[in-house]
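# Results of the structural survey
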Amino acid sequence: GEDVEQSLFLSVREGDSSVINCTYTDSSSTYLYWYKQEPGAGLQLLTYIFSNMDMKQDQRLTVLLNKKDKHLSLRIADTQTGDSAIYFCAESRGPSNTGKLIFGQGTTLQVKP
Amino acid sequence: DTAVSQTPKYLVTQMGNDKSIKCEQNLGHDTMYWYKQDSKKFLKIMFSYNNKELIINETVPNRFSPKSPDKAHLNLHINSLELGDSAVYFCASSSMTYLRSGNTIYFGEGSWLTVV
């Protein structure tokens, strides 16, 4: 099918690590993305990973890619209240990667003080 | 300066009206997109244009007509608005159609459309 799937909700305490998981379906996807959406705001690109990589780290963010299982995760270290938002994973799809992104349904991250 | 800017940010209008949402990007990108986010936060691509040419049209009703006067602008015109058109519409852009290393898609802040 076409689905990119994520769990809908995650609650963590401030200072803990958060792990948001995503599964995708198109093994030919070249890039996989994580976007953040704060309430009433637009989509902010957090990070992306090329499909020939299995890990990418960017400050507090770590992306893990298991291409065999088509599983992507985003780990946020030392989660802060400002990290509360909806997190979307997305895969690029289409012939020669025409810029068509297929999004998951978003994971709402709640960070408790 | 905002990289991808959309206007208006909020729009409330009656069923049957015709409305437009404008989008401009100052990133020098040659590809622009419209995405729709429904009330359940589900995001789906509607259209994409590369150098003013339509390259993706995702079975969107023909009441929706994108127009790209130049590669920095992609406007969305909607005729005969229906209640189900209520959503957040996001404009986006990227530097080339074929995503290569370092090329990513940047989104605008969204336009909240409510049809009453």
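One can find the structure itself at the top, above this paragraph.
Note that the coordinates shown come from a computational prediction; the quantities given were computed from them, not determined experimentally.

### Focus on the packing of aromatic side chains
For any pair of aromatic rings, geometry is given as the distance between the ring centres together with the angle between the planes. In this structure the tally under the stated criterion is 16 aromatic pairs over all chains. Note on Phe 90 of chain B and Phe 107 of chain B: the rings are 6.4 Å apart at their centroids and 80° apart in plane angle, and the pair reads as edge-to-face. Of this pair, Phe 90 of chain B sits in strand S9 (residues 87-94) while Phe 107 of chain B is found in strand S10 (residues 106-107), placing the two residues 17 residues apart along the sequence. You'll find Phe 90 of chain B and Phe 107 of chain B in the same group, each marked buried. In this structure, Lys 56 of chain A is placed above the aromatic ring of Tyr 48 of chain A, and the distance from its NZ or CZ to the ring centre is 4.1 Å.

### What to know about the sheet that holds strand S7 (residues 64-70) of chain B
Residue and element names in this part refer to chain B. Strand order in this open sheet of 4 strands is S1-S3-S8-S7, and the pairing throughout is antiparallel. Each end of this open sheet is capped by a strand with a single partner; those strands are strand S1 (4-7) and S7. Within this sheet the neighbouring strands show an average axis-to-axis angle of 20°, counted without direction. Across 4 bridges, strand S3 (residues 19-25) lies against strand S8 (residues 73-78) in antiparallel orientation. Counterpart to Ser 20 in the pairing with S8 is His 77.

### Concerning the sheet that holds strand S1 (residues 5-6) of chain A
Residue and element names in this part refer to chain A. Read from one edge to the other, the open sheet built from 5 strands follows the order S1-S3-S8-S7-S6, with strand pairing classed as antiparallel. Across the chains shown, the open sheet's two edge strands, defined by having one partner strand only, are S1 and strand S6 (55-58). Across 4 bridges, S6 lies against strand S7 (residues 61-66) in antiparallel orientation. When the bridges of S7 are listed, Met 55 appears paired with Leu 64.

### Section: the nonpolar core
All names here are of chain A. Counting 21 residues, the largest nonpolar core has Trp 34, Leu 72, Leu 74 and Tyr 87 as its most contacted members. When contributions to this core are tallied by element, the ones reaching two or more residues are strand S3 (18-23), strand S4 (31-37), strand S5 (43-50), S7, strand S8 (71-76), strand S9 (85-93) and strand S11 (107-112). Apart from the residues lying within four places of it in its own chain, the contact partners of Leu 72 are Ile 20, Asn 21, Cys 22, Leu 32, Tyr 33, Trp 34, Ile 49, Val 63, Leu 64, Leu 65 and Cys 89.

### Points about the pattern of salt bridges
Two side chains of opposite charge can pair, provided their charged atoms sit close to one another. Residues and elements named next belong to chain A. Counting across every chain of the model gives 6 salt bridges over all chains. Ionic pairing is found between Arg 60 and Asp 83, a salt bridge with its closest N-O pair at 2.9 Å. Residue Arg 60 is found in the loop between S6 and S7, and its partner Asp 83 is found in the loop between S8 and S9; the two are separated by 23 residues along the sequence. Taking relative accessible area as the criterion, Arg 60 reaches 32% and is therefore assigned partly exposed.

### Regarding the pairing of S9 of chain B
Residues and elements named next belong to chain B. The buried fraction of S9 is high, at 8 of 8 residues. Two elements, S9 and strand S11 (residues 111-115), share 3 bridges in a ladder whose sense is antiparallel. Residue pairing in the sheet places Val 88 in a bridge with Trp 112 of S11. Bridging between S9 and S10 involves 2 bridges; their strand directions are antiparallel. Note on S10: the bridge partner recorded for Ala 92 is Phe 107.

Definitions and cut-offs
- Along every chain, residues carry numbers that run from 1 in the direction the sequence is written.
- Written order decides the labels, with chains lettered from A and ligands numbered from 1.
- Note on the predicted model: pLDDT of at least 70 is required for a residue's local features to be given, and 80 or more for side-chain atom pairs to be given and counted; whole-chain, interface and lining totals, by contrast, use all residues.
- Only hydrogens and water are set aside; all other atoms, that is, all heavy atoms of the structure, feed into the side-chain values.
- Pairs were defined over the aromatic rings of Phe, Tyr and Trp, the Trp ring being its six-membered one, requiring ring centres within 6.5 Å. Orientation was assigned from the angle between planes: stacked under 30 degrees, edge-to-face over 60, tilted for the rest.
- In DSSP terms, a helix is any run of H or I states spanning at least four residues, a strand is any run of E spanning at least two, and both are numbered starting from the N terminus.
- Only protein chains enter the accessibility calculation, which uses a 1.4 Å probe; a residue whose area is less than 20% of its type maximum is buried, one above 50% is exposed, and one in between is partly exposed.
- Geometrically, a charge over a ring is one whose NZ (Lys) or CZ (Arg) sits within 6 Å of the ring centre while staying within 35 degrees of the ring normal.
- We call two strands paired when DSSP finds no fewer than two bridges between them.
- Convention adopted: a line fitted to C-alpha atoms gives each axis, helices being fitted over their contacting stretch, and angles between N-to-C directions are expressed from 0 to 180 degrees.
- Residues grouped as a nonpolar core are buried Ala, Val, Leu, Ile, Met, Phe, Trp, Tyr and Cys residues, joined through side-chain atoms within 4.5 Å.
- Contacts are assigned to residue pairs that have any heavy atoms within 4.5 Å of one another.
- Take a side-chain nitrogen of Lys or Arg and a carboxyl oxygen of Asp or Glu: if they are within 4 Å of each other, that pair is a salt bridge.

All we've got here are geometric facts, nothing functional implied.
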